[in-house]
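As a plain string of letters, each chain reads:
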Amino acid sequence: MSGMRSYGDPCGVARGLDIIGERWALLVVRDLLLGPRRFNDLLGGLPGVSPNVLSQRLRQLTEHGVVRRRDLGPPTRVHLYELTEWGRALEPILLQFGRWGSQSPQSPEGTLGIDSLLLSIKATFDPARAADLAGVYQFHIDADTYLAEVADDAVQIRRGTAPDPDATLTTDLDTLRAVCGHQVTMAAALDSGVLRLSGDAGATRRLTELLLAPFTPATLSQASAGADSCATVSG
């Protein structure tokens, strides 16, 4: 398949690495966990990858049945990449790997991407708090919209909208990084107008607690300054 090398080892670990062990492959999977993306969106979310390498990884992941390409057809003629059901089975593995990686003694570099920031909510979510945080919450971050739903002891997050969310947060990524990194308080961001919340007081409180849960003072050593640690899953 596309000239990929194999470990030639029947062990499941080796067979898995034959599929996702190439550089950038697992980060492509990470960036598709919250929903389909266009090629240019993937390229923009993976600083350092070249268009040729990204095309090669997408082709390899598609050939292995981890990713599929969906063509929207005219008039848009947009090609979307999304995880297959088998590809989505990597989510718990990836989140656990992110938790492990966040404990690295090496100092993190780069900045935290929006998908990674939201995936940190999933990675650190405490099922015991599901009843207290239950609801449907919408995040408008720059030009993208994400939906988080807390129910049945779990949180589900995806790209998309809801007709009537309980609460909505609107801001830009830099502000969100600053708030999550405790560089700016939520109150200060609201007062300055760079962040807006809509919904009743109870729902906006729950949205805020859900968003900031991975970035409590106890975890700031791993997530401070929006660093690329993601408690998580970096990006």
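Residues numbered from 1 in each chain as written. Predicted model: local features only at pLDDT ≥ 70, side-chain atom pairs only at ≥ 80, totals over all residues. Heavy atoms only, no water.

S.K.: What is the right way to read the pattern of salt bridges from this model?
M.R.: Per the counting criterion, the structure on display carries 13 salt bridges. Glutamate 22 is paired through a salt bridge with arginine 57; the nearest N and O atoms lie 3.7 Å apart. In this pair, glutamate 22 is assigned in the loop between helix H1 (12–20) and helix H2 (25–32) and arginine 57 in helix H4 (residues 51–63), connecting sequence segments 35 residues apart. The exposure class of arginine 57 is buried, given its relative accessible area of 8%. A salt bridge links aspartate 115 to arginine 37, with the shortest nitrogen-to-oxygen separation between them at 3.8 Å. On the criterion of sequence distance, the pair formed by aspartate 115 in helix H7 (residues 114–124) and arginine 37 in strand E1 (residues 37–38) is long-range, its members being 78 residues apart. It is possible to trace a salt-bridge network through shared partners that takes in Arg37, Asp115 and Arg159. (Salt bridge = Lys/Arg side-chain N within 4 Å of Asp/Glu carboxyl O. Helix = DSSP H or I, 4+ residues; strand = E, 2+ residues; numbered from the N terminus. Buried < 20%, exposed > 50% of the residue type's maximum accessible area, 1.4 Å probe, protein only.)

S.K.: Honestly, unusual backbone geometry in this entry has me stumped. Any pointers?
M.R.: Across residues other than glycine, the phi torsion is negative in most instances, and most of the peptide bonds are trans. The backbone of tryptophan 24 sits at a positive phi, close to 85°, despite the residue not being glycine. In this structure, tryptophan 24 sits in the loop between H1 and H2. Here tryptophan 24 falls in the buried class, since its relative accessible area comes to 15%. One non-glycine residue, histidine 182, adopts positive backbone phi at about 60°. Position of histidine 182 relative to the elements: it lies in the loop between helix H9 (173–180) and helix H10 (186–192).

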